[in-house]
Structure formats: C-alpha cells, structure tokens
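Structural overview for review
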There are 2 protein chains.
Amino acid sequence: MRTDLCDRLGIAHPVVGFSPSEHVVAAISRAGGLGVLGCVRFNDPDELDAVLSWLDEATGGRPYGVDVVMPSHAPADGAPADLDALIPAGHRDFVERTLLRLGVPPALDGESRAGVLGWLHSVARSHVEVALTHPIRLIANALGPPPPDVTDRAHAHGVPVAALAGRADHARSHVSGGVDLVVAQGYEAGGHTGEIGSMVLIPEIVDAVGARVPVLAAGGIGSGRQIAAALALGARGVWLGSIWLGTEEYRSAPALREALLRAGSGDTVRSRIYTGKPARLLRNRWTDAWSEPGAPAPLPMPLQNLLVAQAHTRLMESGDPSVVPMPVGQIVGRMNEVRPVADVLADLVAEADDTLGRLGALTRPGADGSR
Amino acid sequence: MRTDLCDRLGIAHPVVGFSPSEHVVAAISRAGGLGVLGCVRFNDPDELDAVLSWLDEATGGRPYGVDVVMPSHAPADGAPADLDALIPAGHRDFVERTLLRLGVPPALDGESRAGVLGWLHSVARSHVEVALTHPIRLIANALGPPPPDVTDRAHAHGVPVAALAGRADHARSHVSGGVDLVVAQGYEAGGHTGEIGSMVLIPEIVDAVGARVPVLAAGGIGSGRQIAAALALGARGVWLGSIWLGTEEYRSAPALREALLRAGSGDTVRSRIYTGKPARLLRNRWTDAWSEPGAPAPLPMPLQNLLVAQAHTRLMESGDPSVVPMPVGQIVGRMNEVRPVADVLADLVAEADDTLGRLGALTRPGADGSR
C-alpha cells in the first residue's frame, strides 16, 4: 500500500499516528509511519524542547511531526489566576461533590494542578517556535488552521502544515488559509470531533479541497480494512489516534488500560466536559454524572479544562477503571489486547494490502466478495 | 462489481434500495439492484396488496423485497382510539402552538389522520401475510429481528429474512433468531439509527456474525466510492435509502424536493420526535422547535407518531421547504440534482468499479493514490 503521501512525507506507509506519548511517536516513526506528538500537555516550552531532543534520537532520523492546538476562535488568553476567577463557584462545588460521591480520594501530592494551557495562543505559539528548532516534518493543528503568520513560519522552514476539519466548508477555508494537508475527522473520532460520520465526511472533504490537497482520513480507523475503506473514499492516507492507547509504548496506568480493554464501541460519549468543546470520551461514571439532572452546563474553552484539571488527576490516581477520564474514539471496541506499536502497524499494513487485493478482484465477473 | 450476494438474491449489482415509493422500487429492480418497498405506511393491507400486484408487473419479473417494522420490544398494541387517549393534552397543545408559530395552515381536507400504525405487530403481521402471496425475494425488518414464527413463515416460502442492526450484539442475536442477512446501519443513516458510525459498525458486525451471514452496509452511502468502502469493510453489498429521495421516480412535493436539494450533510438531526425512537431527520424549523426550552419530551413509540401525524400532513401541505418533515441521512448533502433511478444506479456501479480498480493498483510499489 503506497500513495503519494509516502513520498511527500518520506514514509513507507501512508499512516500518520498521533499520540501525546513520545514513546508511541518514536515507535510509529521507526516502524515506517509518521509519528505526531501532541503538544497540548506541555505548559513549559523547555519541557517540550527536551522531549523533542529525545525524539530526534529515538526516531533514528525517521520523520516525525508535532500537533498543536490553536482554536480558530481564540479563547480569552491570560494568566491562570485571571482565568480561575472566571470559574463559577457552583461549578467547583459540583466537581467536588461528584468526586466525593464517586469515592475518588484527594490528590496524592495535595498540590493544585495548572490544567491544560496548551490551547492558549501564547502557549501554542511557543510550541511552534520550539518545534521549528527540531527537524520536524509536519505541524498539525487540531482545531482548524493556524494563524497565517504561523503557517508562513512553518513554510519558511520547509515544514508542511496540516489542519483537522469536521466539515467541508472548514476544510475549504483551511486550504485558502495556506494549509497543505487536511485531516478529515469524522464523528467516530476520539477527542474534539464534529457530527458528520467518516463515511460521509471523508469524500465530501476530498471533493471540497480538490486533488492537489491530500486528505488524511481520521475517525473510527484502527484496522487495515478501515484504512482500505478510507483510501476508497479518496483519502491519501490515514490519521490514527485512539488505537495507540492500547499499545505497550503508551505506558498507561493499569486502571486506564483495564477500562480501554473492556470498553465496547458503544462505550464513548461526545461531550463538552473535557475541554469546553465537543470531544469524544470514554463513557463512565464521571461522564454520566455530567448528564444527570442538576449537573451544570460545561464552561467554554479554556475554563472547563481548568475547572476539571485537578479532578482529572484525582480520577486517574484513584485506580478505579469506572471513572478514568480519557478522550477516545469508537474504535476503542477493537482494543482487546496490549501490543507493541510495531506489531499494530505491521498488522494494519498487512490487512490493508490484503483488502486492496481482495477489492481489485471484485471487478472480475463472478468474483466472490466473502472474506 | 459482483459479490456472492448477487447470486443469492438474483441481482446484477449488490445494491439493495429501500424506498416507500413503489415507483422507485420498481426502477431499482429493473436497473439490476434489489428494490425493497417500505410497508409501514400501509394501514390497510388491501392497499399494500394492490401496490404489490402493480410491482409484480412493473418490475418485469425482476426480484424485489418488502420492509416491515416490527419493534423487538413491542409497543402497546390496540385500536387507534385507545392509543389516542394515552397522549397528554400538553403535547397536543405544544404541537398546535408550534404549527401556528411556524405559519403552517390547517389541513386541506380538514379530516384527522390515523397516523402510522405499521409498527404495531398486528399491522406488520398483516403486511407479511400479504407480501408472502407475492413473489417477493426478501423480507427485511427495520427494528431488529421479526418474531420467530414470522421468520419461520418466510423461510417456509423460501424467502430470506434481513434485519437492521445498529450494534454488534443486536446483530448476533438477530442471527441466532434465524435472520439470514444483517443490515449494519450506522449513525449517518436516515430514519431509525444508532450512535455508532458506519466506519466502526460495519466491520464490527461483519466480524460478529461471521462469514456465513452476509452483511449489507447502510448509513451514509450514496456514491460508488462509498460502496467500495463498504466492501472494504467486509460488507457483501449495500443498503441505500436516502439517496432515492432525490430521484425523478420519488415524485416528491416541490417543497420537499427543494429542501432536500438545498440541505448539506450537516443539516440533519437525530431525534425521537418522528416516531418515539431515535431517527435521523432533515433539520429545519419544525425539528428545531422540539429542542427549544419548554418543548416537551417526545412520547414513546407508537404514541409520538400518532401525536404528530396530522402535523406532518400540514407541514408537508404547507409548501414551505423550511418545515417539511422527512427522515433522511447525512448523505443528503450529495443530493444536488433530480435524476432517474437508472442513472443514479448506473453511476454508483461505474464509480464503484473505478474505485475497486484504483484500489487494486495501490498494492503495486510506487502507485499513486490520487484520484
């Protein structure tokens, strides 16, 4: 399985793998895909710099990229203390009451957490500046196109820019804003996602941006058959995020791992409780609590994540699989064992190749479509 | 493009087309697909009998099927008058107030409407009995498996039974209940639909039921690329409903036609307001009214449709494209001109064949995935 994306990004397989874990990213790139590091968790640019330096070694010179989060409608910027003052007391009370009711212990270290600030423009810009001092091969923006000057900076360094889109009109405006690749992210996806399913969205975006702009398909893809389906829909490659959560390299806490392995495709929910924008999450007692009568409406980005940042730490530290907070797509139903990244990628490629061969044979009269 | 489904159903192309219109059904079967007539609208079995007699001629001996609606959890059966008494006055008031506010005139003939009774078991059984007196080639049930004795009756007549499923566990139980084909219907679909997107649902159901049971893919499919994608996911054919609403043979009212041609993929909503169970509908001022503050929660099936039956007639008769009530999938974004069924089907098949050929070529090193 090869597409022009392979030549464009210098990779063996048209598989781009997103992960917040540098260990997963390195393993994807070493195995012939393009690993893309999610930067939103780095509140401190120096920490990101150190991780990218590690990646420069760990990828052994294979291409990798970074993913930043710059919302196209910029949320209020400002110091954490100013933002904290915007959070209503009733929301804080609800979070505390809910944690108590769910039996979640206090934070282990007793300290307050800063929450995720990576989606503030000031922080995301620092991510871009740091990343451009490393030999990255792609900058992706998870919430629409980056500001024009950021795209220009990337292009001046010879780095192509990708942006996620959940609607065809967004994809079109990304491209007119200078974006080089579009990630068409369907409803099935984990994290921030729209309402249009991959089956409809992918060809719609492919047609909207035209043949000059490669489209990566995202949302619900975690097998070789699904990669082949994405290519059938006109994508030139795939963007996979959730599937790596089930790998050895992800090094997740045991409670999270148990929750991921146990969950079926129906055990996710699309909700604003994680960041303030609709994102698909593992459904559990914590997410259910936010849809009960009397629960407050989630706050806008970036306040909602500041509100729940410490709660997320406590929920994760609780060791209780029924409350761990985690963005994940409907493909979680296929995560049934923990395997090395290289094995997962090899299987994806082998099954995709088999499927492409099987499909080619269907054009012959009398062919049999059974698997 | 041929799969074993073609031999099994005696059709040239593995495309099953559902429509409430006998004109559409006849045209699909004549063009080499399997037309399937939706029976839920026939409150009078004699009327269905007359339409099927017409189809026997109009299909020119080509295979066709019927679709009945038997909810697996049977709603309260009973005479229309008894059911009417179960509808709260506040709901009736809301419907009247809303129609007034939307500027919808009274019904043209001033008579009250019976509403759709086809999902009462007694009525659906009469559909099956009538259909088995005609040379049908498939009975499909839109809400899970039919009762075992109905499946046995169909099998005794040599007629295979299909059932729609939106979850893998449902598909598995359909098969153990004697169903011969499973329609895997994803979130993108029009009408009754679940929450799992086609990209995830189709391979999950294919794996759940095993190779002996053919799976038809439904939900978001209306182009040849999407058919090829469905085959990549392991389906042996496709089940298309919404796409026929944009054909000449559908003979829709001008307001509905205008609304369908104008709508994009984002202009649908999944709601319980049409039947009491979640169904995807064209989003408009009528559906919006039901999600405003103060709107009542929809009633359970079959009461909700009895509540809105007369309103549906008035909304359709109003001639206002911004209020027409219509179940339709996200593929509505591709309906941009009115064409004959035969042309639509020929294009589907040609594009699917092209796509299958293109995919086969991707397995060769150095191949280019651009369209």
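What comes next concerns the included structure. Throughout this description, residue numbers start from 1 for each chain and increase along the sequence as written. To label them, take the chains in the order written and letter them from A, then take the ligands in the order written and number them from 1. Owing to the predicted nature of the model, reporting of local features is limited to residues with pLDDT of at least 70; listing and counting of side-chain atom pairs is limited to 80 or more, with chain, interface and lining totals taken over all residues. The side-chain quantities take in all heavy atoms of the structure and omit both hydrogens and water.

Residues spaced three or four apart along an α-helix point in a common direction, a consequence of the helix completing one turn every 3.6 residues. Residue and element names in this part refer to chain A. Strands here are runs of E lasting at least two residues and helices are runs of H or I lasting at least four, both read from the DSSP assignment and numbered beginning at the N terminus. For a helix, the expected span equals 1.5 Å multiplied by the residue count minus one. Its 15 residues give helix H13 (residues 303–317) an end-to-end C-alpha distance of 22 Å, which sits within 8% of 21 Å, the value for a rise of 1.5 Å per residue. Approximately 45° is the largest bend angle found in H13, and it occurs at Ala 309. Counting buried positions along H13 yields twelve of 15 residues, so the element is predominantly enclosed. Among the residues of H13, Leu 303, Gln 304, Asn 305, Leu 306, Leu 307, Val 308, Ala 309, Ala 311, His 312, Thr 313, Arg 314 and Leu 315 are the ones counted as buried. Once H13 finishes, Gly 319 follows within two positions and takes phi at roughly 75°, a positive value. A residue's bend is simply the angle between two axes: one fitted to the seven residues ending at it, one to the seven starting at it. Burial status follows relative accessibility: with a 1.4 Å probe on protein chains alone, a residue under 20% of its type maximum counts as buried, one over 50% as exposed, and anything between as partly exposed.

Let us now look at the relation of the copies chain A and chain B. C-alpha atoms of residues with pLDDT of at least 70 in both copies form the basis for the least-squares superposition of the copies. Expressed as a screw transformation, the operator carrying chain A onto chain B has a rotation angle of 180° and an axial translation of 0.0 Å, and the superposed copies differ by an RMSD of 0.0 Å. One copy is carried onto the other by what is essentially a two-fold rotation axis. Throughout, a contact is declared for two residues whenever any of their heavy atoms are within 4.5 Å. By residue overlap, the copies meet face to face through one surface: 100% of the interface positions of chain A are interface positions in chain B.

Turning our attention to the nonpolar core. Side-chain atoms within 4.5 Å are what join buried Ala, Val, Leu, Ile, Met, Phe, Trp, Tyr and Cys residues into a set we call a nonpolar core. Among the nonpolar cores identified, the biggest contains 170 residues, and A:Ile205, A:Trp244, B:Ile205 and B:Trp244 are the most heavily contacted of them. Looking at which domains feed residues into this core, each of domain 1 (1–75 + 119–247 + 339–364) and domain 2 (76–114 + 253–337) of chain B gives three or more. The residues contacting B:Ile205, other than those within four sequence positions of it, are B:Ala165, B:Arg167, B:Ala168, B:Ala171, B:Val182, B:Ala184 and B:Val215. Those domain boundaries reflect an automatic or database domain assignment.

Right, let's talk about empty space enclosed by the protein for a bit. All names here are of chain A. With a 1 Å grid spanning the protein atoms alone, the term cavity applies to any set of points in which a 1.4 Å probe fits but cannot get out, the term pocket to an open set with protein on both sides within 12 Å along at least five of seven lines, and the term lining residue to any residue with an atom within 4 Å of a point. Grid points are joined across faces, edges and corners, and a volume is the space filled by probe spheres set on the points. Under the defined criterion, the tally for this structure stands at one cavity of 30 Å³ or more. Volume-wise, the largest cavity comes out at about 50 Å³. In terms of lining, the largest cavity is formed by Ile 273, Tyr 274, Leu 281, Leu 282, Asn 284, Trp 286, Thr 287, His 312, Val 324, Pro 325 and Met 326. Of all the elements in the fold, those that place two or more residues in the lining of the largest cavity are strand S11 (279–282) and helix H12 (285–289). A breakdown of the residues in the lining of the largest cavity according to their chemical character gives eight nonpolar, three polar and no charged. Gly falls in the polar group here, along with every residue not listed as nonpolar (Ala, Val, Leu, Ile, Met, Phe, Trp, Tyr, Cys, Pro) or charged (Asp, Glu, Lys, Arg).

Turning our attention to the interface of chain A and chain B. With 52 residues of chain A at the interface, the matching set in chain B holds 52 residues. By convention in these notes, a salt bridge is any Lys or Arg side-chain nitrogen within 4 Å of a carboxyl oxygen on Asp or Glu. Linking chain A to chain B there are four salt bridges. The residue A:Asp207 makes a salt bridge to B:Arg225 at a minimum N-O spacing of 2.9 Å. Residue assignment for the side of chain A that touches chain B shows that the elements contributing at least two residues are helix H9 (198–209), helix H10 (224–232) and helix H14 (341–361) of chain A. Considering every element that reaches the side of chain A that touches chain B, the biggest residue donor is H9(A), with eight residues. Among the residues making up the side of chain A that touches chain B, the classes are represented as 22 nonpolar, 17 polar and 13 charged.

Residue and element names in this part refer to chain A. Aromatic rings from Phe, Tyr and Trp, with only the six-membered ring used for Trp, were paired whenever their centres fell within 6.5 Å, and each pair was classed as stacked if the ring planes differed by under 30 degrees, edge-to-face if by over 60, and tilted otherwise. Taken as a whole, this structure holds seven aromatic pairs over all chains when the rule is applied. Ring plane angle 20° and centroid distance 6.1 Å describe the contact between Phe 18 and Trp 239, whose orientation is recorded as stacked. A residue pair is termed long-range when its members are at least 10 positions apart, and Phe 18 in strand S1 (residues 15–19) and Trp 239 in strand S9 (residues 237–240) qualify at 221 residues. You can call Phe 18 partly exposed: its relative accessible area is 24%. You can call Trp 239 buried: its relative accessible area is 7%.

Further remarks concern the pairing of strand S3 (residues 64–68) of chain B. All names here are of chain B. Taken across its five residues, S3 has five buried, putting it largely inside the fold. In S3, alternate side chains face the same way, and those of Tyr 64, Val 66 and Val 68 on one face and Gly 65 and Asp 67 on the other are all buried. Judged from the four bridges that link them, strand S2 (residues 34–38) and S3 form a sheet pairing that is parallel. The residue of S3 that forms the bridge with Gly 35 is Tyr 64. What makes two strands pair is DSSP finding at least two bridges between them.

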